[in-house]
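Descriptive structure summary
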Amino acid sequence: MSTSRPDPELVRRMCGAITHRGPDGAGFHSDEHAALGMQRLAIIDVASGDQPVYSEDGRIVAVFNGEIYNFAELRRELVAKGHILRSEGDSECLVHLYEEFGVDLVHRLRGMFAFAIWDRDRRRLVLARDRVGKKPLYWRSDHSSIRFASELKALATDPDMSREVNPVALHHYLTYLYVPAPWSIYQGTYKLSPGHVLTWEDGRVTVSPYWRFDSTPRHVADEQSEEERLRELLLEATRIRMVSERPIGAFLSGGIDSSAVVAAMAMQHGEPVRTFSIGFTDKRYDERHWARLVAQRYGTEHRELVITPDLLDILPKITWHFDEPFADSSAIPSFYVAWLSRQHVTVALNGDGGDECFGGYNRYTLAAGSGRIPVLPRALAGIPLRVGGFFAEKGAPGTVTRRLGRVLQFTAEPPARRYALMMSAFTGEGKHALYGDEFRTQLAGVDSYNLLEEAYRESRADTDLGRLMDVDVNSYLPGDLLVKVDISTMANSLEARSPFLDHHLMEWAAGLPLQLKVHEGQTKRLLKRAVAPWLPQELMNRPKQGFGVPLAMWLRRELRDLAFDMLTDHTARGRGMFRPSAVRGLLQRHQRGADHSVQLWALLQFELWHRAHAVPGAQSPSEVRCSAAQM
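Quick look at the structure, then. (Residues numbered from 1 in each chain as written. Predicted model: local features only at pLDDT ≥ 70, side-chain atom pairs only at ≥ 80, totals over all residues. Heavy atoms only, no water.)

Considerations on the sheet that holds strand β6 (residues 124–129)
- Reading across the sheet, the six strands line up as β3-β4-β5-β6-β10-β11 and stay open at both edges, with antiparallel pairing between neighbours. Either end of the sheet is taken by a strand with one partner, and the two such strands are β3 (53–54) and β11 (204–209).
- Across two bridges, β3 lies against strand β4 (residues 60–68) in antiparallel orientation. Across the sheet, Tyr 54 pairs through a bridge with Val 61, a residue of β4.
- Of the strands in this sheet, β3, β4, β5 (111–119) and β6 are in contact with helix α2 (residues 93–101), which crosses β4 at around 120°. (Pairing = 2+ DSSP bridges. Helix = DSSP H or I, 4+ residues; strand = E, 2+ residues; numbered from the N terminus. Contact = heavy atoms within 4.5 Å. Axes fitted to C-alpha atoms, helices over the stretch in contact; angles between N-to-C directions.)

Some points on the sheet that holds strand β12 (residues 248–251)
- Read from one edge to the other, the open sheet built from five strands follows the order β14-β13-β12-β15-β16, with strand pairing classed as parallel. The open sheet terminates on both sides in strands that have one partner only, identified here as β14 (301–307) and β16 (495–497). Here the strands of the sheet are splayed against their neighbours by 30° on average, with no regard to which way each runs.
- The sheet contact formed by strand β13 (residues 274–280) and β14 spans seven bridges and is parallel.

Observations concerning the packing of aromatic side chains
- Counting across every chain of the model gives 14 aromatic pairs.
- With centroids separated by 6.2 Å and ring planes inclined at 55°, the aromatic side chains of Trp 211 and Phe 213 adopt a geometry described as tilted.
- The buried category is assigned to Phe 213, whose relative accessible area is 4%.
- Both rings, one in Phe 322 and one in Phe 326, keep their centres 4.8 Å apart while their planes meet at 15°; by these two values the pair is stacked. Phe 326 matches Phe 322 in its accessibility class, with the two residues each being buried.
- Cluster of aromatic residues (ring-pair linked, three or more members): Tyr 186, Tyr 435, Phe 439, Phe 578, Phe 606 and Trp 609.
- Over the ring of Tyr 361 we find Arg 363; its NZ or CZ atom is 4.0 Å from the centre of that ring.
- Over the face of the ring belonging to Tyr 476 we find Arg 363, whose NZ or CZ atom lies 4.9 Å from the ring centre. (Phe/Tyr/Trp six-rings, centres within 6.5 Å; stacked < 30°, edge-to-face > 60°. Buried < 20%, exposed > 50% of the residue type's maximum accessible area, 1.4 Å probe, protein only. Lys NZ or Arg CZ within 6 Å of the ring centre and 35° of its normal.)

Quick notes on the pattern of salt bridges
- Evaluated as defined, the whole model comprises 43 salt bridges.
- Arg 147 is the salt-bridge partner of Asp 158, the closest N and O atoms lying 3.0 Å from each other. You can see Asp 158 sitting in the loop between α3 (152–155) and α4 (167–176) and its partner Arg 147 sitting in strand β8 (residues 145–149), a full eleven residues away along the chain.
- Residues joined in a network through salt bridges with shared partners are Arg 110, Glu 236, Arg 239, Arg 241 and Asp 502. (Salt bridge = Lys/Arg side-chain N within 4 Å of Asp/Glu carboxyl O.)

Points about empty space enclosed by the protein
- Counted according to the given criterion, the structure contains ten cavities of 30 Å³ or more.
- Each pocket or cavity is described by its volume, and for the largest cavity that value is around 140 Å³.
- If you trace the largest cavity, you find 16 residues lining it, with Ser 215, Gly 466, Ala 510, Leu 512 and Lys 517 closest to the centre.
- Elements with a minimum of two residues in the lining of the largest cavity: α10 (354–358) and α18 (464–474).
- Its residues assigned to classes, the lining of the largest cavity shows nine nonpolar, three polar and four charged. (1 Å grid on protein atoms, 1.4 Å probe; cavity = no way out; pocket = protein on both sides within 12 Å on 5 of 7 lines; lining within 4 Å. Points joined across faces, edges and corners; volume = space filled by probe spheres on them. Nonpolar A, V, L, I, M, F, W, Y, C, P; charged D, E, K, R; others polar.)

Shown next, in the form of structure tokens:
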């Protein structure tokens, strides 16, 4: 599964550029590496779904990535208004919707999308991204021109684009394991944030939001009615995502969310659902038993793949496809399950979004408990903050030592910052100790935790925990989970669809009272009750298990030499970003038993990314090999 160059059939993204040409107009242009006509994965209207698409008079042109699930309804409405549509798919709806509604067309769309519309008469470009951020969109502008793409590597084919690393983006990456929007890893290039529209007109860029997750709670009189409504919404969101001219299946992890989606598919599908699971030889991470229970109940055509620690072949390919540093290690099983699924189907449904919408993470119960820990005055907070950091670093995840350290740290911080600490790979102090002198000076005063604190302040939820769940929808979900799934599936010519991320279902779930989500240590209270009739009872009572990998062990064994070589050789040291002694210290302490796997993985993924992408003509990922260096 390793390659040094992208297969052209796998590059299904859009890229275009517009240059302002004064009063005579402007136009699209593209280069041989990234054609304006998007090579979209053909799922619906395979025969006539080519792009770009045009209005009848050719004044409006659009390119599009994603799927519009309500396109049949939109087509009927447009035809009734007198529009002539030449194809049977969803792309052509965009130009006619723009003629009717202008930029407000985004409010009519139900699905996942990133699109560009050029209005020739107004010399206006409109870029938009779906509400939650399922599809990516990058852009850069020098005022006289603008370039956009749904892959960063497509923009990077322009020799005038800077490959200089944005230090603020890297600073945030080391905290969250991904580069959050609106930053990209490159200076001068940006991501369009989820739920936002960008307009470029006569050289001026305007970016504005059009959707915000609203967690204002509503009154619920009858919980049984809410359970029934949830089942109805999930069935409908699943049904509209099963429309496809290509084979369709589902990822089945063995958790509540993916199992509920498979159940909803089976109840509405005329033939057995094809399901796919990933397993590990390490039983702590292996969920195949639970997936099999659901597969057996619904008679699915079930297939499994066991991942071994022999990762050196897959890492270069993952690095190449992830255009920015990305250090969520669950990208490995995600990539493999996408690869397995693509051998049999072209579309795969998944359970993404269930945790964020219905309160599924164990950290929510921890956050609820931490709310009872009083906040010390700032003048007294220094000692517990330092002592807590010491214990949190020494203890492995899940140990009493780690929990004690977190509790001590929490006494020094308000709720939003406590949550940021939970979500951190490197703390602010950890990054300060890691950086070289010049890099540390550049980033003085830049606080990555402010990103979550701002999202916390903007939430309309009426409790601290509700606001923290809001934070996840606006940060972790689009920045980590959706990036991981989109890139892993698109790299394998597979389209992923997420019923729980239907915005109608999300908006309904957002208004549920908190006690129907997290209550007295129980997560997903309403969701579990709603889908209990669909699923094996044994599955309903099991503790939550994340989609993780035995990373700490791998970094002490099979990946030990790769990590040491890549992080301490002359190439890494020569950049001057990180202090060699600090990096070596992390490696050595991890080998002696402290768990620094998350921090080391973040550094390793940045190093692999930098060698593959940051320098034109640099070493290709397939050439990265591990020598037998010793500690």
